[in-house]
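Structure assessment
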Amino acid sequence: MQLGLIGLGRMGGNMRDRLRAAGHDVLGYDPRPEVSDVASLAELAAALDAPRVVWVMVPSGEPTRAVVGELAGLLVAGDLVIEGGNSRYTDDARNAALLHGHGIGYLDVGVSGGVWGRDNGYGLMAGGAAEDVERAMPIFDALRPAGPREEGFAHAGPVGAGHFSKMVHNGIEYGLMQAYAEGFELLSATDLVTDVPAVLQAWSRGTVVRSWLLDLLVRALREDPRLAALDDYVEDSGEGRWTIEEAITHAVPLPVISAALFARFASRQESSPAMRAVAALRRQFGGHAVRAAGPTGRPGEHAGPSSGGGSTKDGA
């Protein structure tokens, strides 16, 4: 099957390789000429045989909206656009309406697999019309992992369902990573456990907490047993926030995912105004000992209670 693929970064480039290895004719476009097969989107559209299928794999937000807008003017009725980036599902209705106005089909597809997907395959969650999904199934079958289709691909529902499903998937990922990280820290905090990487590796077969994420943590610890080469500053790419916002909309409690996201926020603080406020309150109401800020405003030495009559047993 012939496919136009827009965006040849870490994910898109590996997807092109996997599809070509499966025998598909993939023509890729990327702004970087050293990896692109064509010089422009217009050249890509002209090189594909009608009816065309074009997969968009660019950063979410305005970059994706811009590409979809340009494709609306380059493609014709009967063509199909697949949007496979980490877009917010609310963008899909707008994209679909724009393309449907030109008679162009639209699928949103959540793609999971990261840089390992080229060899292991990608988990795929599609949103859109059943006939469009069926038309693109040879591409989906080539990208998904080997084995039963239902274990690597789902037609999740109408337009938007694919990206909504991927959003929840990534929210769960936040929680899983945080749980493994907290376990690693607690194991590292005691003198009783002398080989933390070995313990985590022993969990990788037969235990109820075994997973690919655990395997990746074991791999990282094999390279750097204390993770000393890494800073503890952790970014978030947006899906965790969107997941929590949807949970609020639907009144669904997500304590684990919320805590995992907030832990990332905490990782970016050199010092915490909130914790300084808590320290101030404890000193005010109970005369508890606190630490005075150092010369740069960072925590320094212990400071005594605010008054000699304050009891450290009162309050929290």
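Look up a bit, the structure's there.
1. A look at the nonpolar core
Formed by 25 residues in total, the largest nonpolar core has its most connected members in Trp55, Ile82, Leu107, Val109, Leu124, Phe140 and Leu143. When contributions to this core are tallied by element, the ones reaching two or more residues are strand E1 (2–6), helix H1 (10–21), strand E3 (53–56), strand E4 (80–83), strand E5 (105–112), strand E6 (123–127) and helix H6 (130–143). Per-element accounting of this core gives the leading share, seven residues, to H6. Apart from the residues within four sequence positions on either side, leucine 124 is in contact with Val109, Gly110, Val111, Phe140, Leu143, Arg144, Gly152, Phe153 and Ala154. Judged by nonpolar contacts, the second largest core, of 21 residues, contains Leu48, Leu71, Val81 and Leu99.

2. Focus: helix H10 (residues 239–250)
Its 12 residues give H10 an end-to-end C-alpha distance of 16 Å, which sits within 8% of 16 Å, the value for a rise of 1.5 Å per residue. Along H10, the residues classified as buried are Glu239, Gly240, Trp242, Thr243, Ile244, Glu246 and Ala247. For H10, the elements touching its buried residues are helix H7 (161–189) and helix H11 (255–267). Among the residues trailing H10, alanine 251 stands out with phi positive, at a value near 55°.

3. Notes on the sheet that holds E6
The seven strands are arranged E2-E1-E3-E4-E5-E6-E7 in an open sheet whose pairing can be described as mixed. The open sheet is flanked by strand E2 (25–29) and strand E7 (153–157), the only strands paired with a single partner. Across the sheet, the axes of successive neighbouring strands diverge by a mean angle of 25°, strand direction being ignored. For E1 and E3, the ladder comprises three bridges, and the chain directions are parallel.

4. Focus: the packing of aromatic side chains
This structure, assessed with the given rule, holds five aromatic pairs. Geometrically, the ring pair formed by tryptophan 55 and phenylalanine 140 is edge-to-face, given 6.0 Å between the ring centres and 75° between the ring planes. Taken together, the positions of tryptophan 55 in strand E3 and phenylalanine 140 in helix H6 put the pair 85 residues apart, joining distant regions of the chain. Comparing tryptophan 55 with phenylalanine 140 shows no difference in burial state: the two are buried. Grouping aromatic residues by their ring pairs yields a cluster made of Trp55, Phe140 and Phe153.

5. Observations concerning the pattern of salt bridges
Overall, the coordinates contain 14 salt bridges when judged by the stated rule. Note that aspartate 91 and arginine 65 form a salt bridge whose closest N and O atoms lie 3.1 Å from each other. Pair noted here: aspartate 91 is in helix H4 (residues 90–100) and arginine 65 is in helix H3 (residues 62–74), with a separation of 26 residues, a long-range link. Given a relative accessible area of 25%, arginine 65 falls into the partly exposed group. Across the pair arginine 241 and aspartate 236 runs a salt bridge, and its minimum N-O distance is 2.7 Å. What you see here is one network of salt bridges that share partners, running through Arg16, Arg20 and Asp37.

Each value, and the rule that gives it
Residues numbered from 1 in each chain as written. Predicted model: local features only at pLDDT ≥ 70, side-chain atom pairs only at ≥ 80, totals over all residues. Heavy atoms only, no water. Core = buried A, V, L, I, M, F, W, Y, C linked by side-chain atoms within 4.5 Å. Buried < 20%, exposed > 50% of the residue type's maximum accessible area, 1.4 Å probe, protein only. Helix = DSSP H or I, 4+ residues; strand = E, 2+ residues; numbered from the N terminus. Contact = heavy atoms within 4.5 Å. Expected span 1.5 Å × (residues − 1). Pairing = 2+ DSSP bridges. Axes fitted to C-alpha atoms, helices over the stretch in contact; angles between N-to-C directions. Phe/Tyr/Trp six-rings, centres within 6.5 Å; stacked < 30°, edge-to-face > 60°. Salt bridge = Lys/Arg side-chain N within 4 Å of Asp/Glu carboxyl O.

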